[in-house]
Every structure is written in structure tokens, then in C-alpha cells.
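Structure at a glance
These are the residues of each chain, in order.
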Amino acid sequence: MFRKIFSAVLLAAIIFFAQNVSAQFSYQANVEGAGWMQPVGAGKVAGTTMQAKRLEALIINFDGGIKYSAHVQNVGWQQWVTSSGVAGTVGQGLRMEAIRIRLTGSAANSYDICYRVHVEGIGWMNWVKNGDQAGTTGQSRRIEAIQIKLQSKSSGGRDWRDDYDDSYNNRRGRDWR
């Protein structure tokens, strides 16, 4: 009896935490010629595609603990910044070429941070997670857009890439000529 009650309370707490983590997670892109775009929520596209505009900077807002670093044209890898910090440059006309993102603190024990970028001449690259590099270095290619999402580590063994909507690639294949 105690186990059932404990299990139910634990499950409710996990669901509550997961919902609140997603609600407190957003990111915002600084795009060539447009400046700071509106913040978007988990899994949404920040930046542009099919417009040949570079992503120049990124801000990620997450109360659960996060660090991220950008590889920037003529600069290389920048220092890691934390939630609400600016990765990249503003007002210098320099392109972001790659990014690494990782969770810190208790959030890192419960979640993976998964992300992918849309790169000049390549399109959407494969999903990566937990500090892996998304984008390119040494190729002078601009990041044009990014998607970021949290994935619970207790997802029952599912491949974390299975949960993503690939409609951008699917739409591009059907609708864009």
C-alpha cells in the first residue's frame, strides 16, 4: 500500500517538474538584418531558413541550469555562458558557425538537452545532445536557425530523436521547389 502511494506521488512530482521545466525554457536568436527575434519555446525554430541570413547570437533562458558556447567567425570558440547570457556577437556582423549546449546541476541528472542547427549549404543537420557540437568549424558556413528541446532521461529507453517533429524537412521536400 505504501509503495503504491509513494509511486503515485513520485510520478505526479515528475510530471509536474517536467511540465514546469518546459514552461521555463525558451531561446531567442539575433539574426542578420532583423536583430533580436521573439523568444520561442522548446522544439520551435529560432532564426530563419531559406533566407540566407546568419544567426549572430543566441540567448537561452532556463532556470534549471544551462551552459552554452558559440563558435564564431574570426573568433573561434567563445567562453561558456549561463542562462540569459549572450553566445555569439551582437552588432559586429559575424556569423555563428557552431554551438555546444549542456545542462548543469540537478537538471542534468533528469534531462538531456537536444538540439540541431540549419547550416548554410547543408540544411538541417542531425540532432546532437549534451555538449556535442552542432554546426561546422573550419568551413566558413553560417548557422541560420536552431531548434532546442529537453528530453527526459526516464523516457523508457526510446531513442531521444524519435520525439522530434521533422516537418521542416518534410515540408521542404514536398512544398519547396
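As a reminder, the structure under discussion sits directly above these lines.
Residues numbered from 1 in each chain as written. Predicted model: local features only at pLDDT ≥ 70, side-chain atom pairs only at ≥ 80, totals over all residues. Heavy atoms only, no water.

1. A look at the overall build of the chain
Each helix and strand in the chain was counted, giving 3 helices and 15 strands. Considering only contacts in the chain between residues 6 or more positions apart, those separated by 24 or more positions represent 59%. Counting only carbon and sulfur atoms, one obtains 48% of the accessible surface of the chain, whose full area is about 9500 Å². (Helix = DSSP H or I, 4+ residues; strand = E, 2+ residues; numbered from the N terminus. Contact = heavy atoms within 4.5 Å. Areas by Shrake-Rupley, 256 points an atom, 1.4 Å probe, with all protein chains shown as cover.)

2. Some words on the packing of aromatic side chains
All chains considered together, the criterion is met by 2 aromatic pairs. With a centroid separation of 5.8 Å and 55 degrees between ring planes, the pair formed by F25 and Y27 is classed as tilted. Taking the centre distance of 5.7 Å and the plane angle of 85 degrees together, the rings of F25 and F62 count as edge-to-face. With F25 in strand β1 (residues 25-31) and F62 in strand β5 (residues 55-62), the pair connects residues that are 37 residues apart, well separated along the chain. A cation over an aromatic ring shows up here: R102 above the ring of W80, its NZ or CZ 4.9 Å from the ring centre. (Phe/Tyr/Trp six-rings, centres within 6.5 Å; stacked < 30°, edge-to-face > 60°. Lys NZ or Arg CZ within 6 Å of the ring centre and 35° of its normal.)

3. Looking at the pairing of strand β10 (residues 96-103)
Each regular strand carries side chains that alternate between the two faces of the sheet. With respect to burial, β10 is a largely interior element, 6 of its 8 residues being buried. Bridging between strand β6 (residues 66-72) and β10 involves 7 bridges; their strand directions are antiparallel. Considered in β10, the bridge of H71 is made with A98. Note that β10 and strand β14 (residues 133-135) share 3 bridges and pair antiparallel. Bridging across to β14, R100 finds its partner in Q133. (Buried < 20%, exposed > 50% of the residue type's maximum accessible area, 1.4 Å probe, protein only. Pairing = 2+ DSSP bridges.)

4. Structural notes on the pattern of salt bridges
This structure, assessed with the given rule, holds 7 salt bridges. The closest approach of N and O atoms between R142 and E120, which form a salt bridge, is 3.3 Å. You can see R142 sitting in the loop between β14 and β15 (143-152) and its partner E120 sitting in the loop between β11 (111-119) and β12 (123-124), a full 22 residues away along the chain. Overall, R142 belongs to the buried group, its relative accessible area being 17%. We classify E120 as partly exposed; its relative accessible area is 25%. (Salt bridge = Lys/Arg side-chain N within 4 Å of Asp/Glu carboxyl O.)

Any link to function would need more than the numbers given here.
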